[in-house]
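Secondary and tertiary structure notes
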Amino acid sequence: QVQLVESGGGLVQDGGSLRLSCAASGRTFNTYVMGWFRQAPGKEREFVAAISQSGGVTYYADSVKGRFTISRDNAKNTVYLQMNSLKPEDTAIYFCAAVQTLMGVPTRTYEYNYWGQGTQVTVSS
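Here is a short report on the structure shown in this document. As the structure is a prediction and not an experimental result, all values here were calculated from the model. (Residues numbered from 1 in each chain as written. Predicted model: local features only at pLDDT ≥ 70, side-chain atom pairs only at ≥ 80, totals over all residues. Heavy atoms only, no water.)

Some details on the packing of aromatic side chains
Within the structure shown, the criterion is met by 6 aromatic pairs. Seen in terms of ring centroids, Tyr32 and Tyr114 are 6.0 Å apart; in terms of plane orientation they differ by 75°. Their pairing is edge-to-face. Placement of the pair is Tyr32 in the loop between strand S3 (18-24) and strand S4 (33-39) and Tyr114 in strand S10 (residues 114-115), with a sequence separation of 82 residues. Judged by its relative accessible area of 22%, Tyr114 falls in the partly exposed class. Judged by centre distance (5.2 Å) and plane angle (75°), the rings of Phe37 and Tyr112 are edge-to-face. Taken together, the residues span a long stretch of sequence, with Phe37 in strand S4 and Tyr112 in the loop between strand S9 (92-99) and S10 at a distance of 75 residues. Residue classification places Tyr112 among the buried positions, given a relative accessible area of 4%. Grouping aromatic residues by their ring pairs yields a cluster made of Phe37, Phe47, Phe95, Tyr112 and Trp115. The ring centre of Phe95 lies 3.7 Å from the NZ or CZ of Arg45, which sits over that ring. Against the face of Trp115 rests Arg45, its NZ or CZ located 4.8 Å from the ring centre. (Phe/Tyr/Trp six-rings, centres within 6.5 Å; stacked < 30°, edge-to-face > 60°. Helix = DSSP H or I, 4+ residues; strand = E, 2+ residues; numbered from the N terminus. Buried < 20%, exposed > 50% of the residue type's maximum accessible area, 1.4 Å probe, protein only. Lys NZ or Arg CZ within 6 Å of the ring centre and 35° of its normal.)

Printed below as a string of structure tokens:
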């Protein structure tokens, strides 16, 4: 099992930047694919980005491609989401998720079985 704790959310102006962090417990962090998802009020949770166990493969939602970067530091049991050029439509609760799988890098919510509690990101116009 793994426990996930997100941090780094906050209030930022349109065009600003934030870096989210997700710290994982346990000694097997490097066996988990890690993902970031978000959920805006009244909307379903949606995929943002995901990264393979080694960090060599990454996927992004089209809405964030070119603005967000996912990375991980396996020595620190941490995954990051660098968010640049933020827009008001990026406002949401951001969740970190993990799954142990040998089947590539999942991008669907139901494919992940460990979740953090979320961190609020608010982008003002």
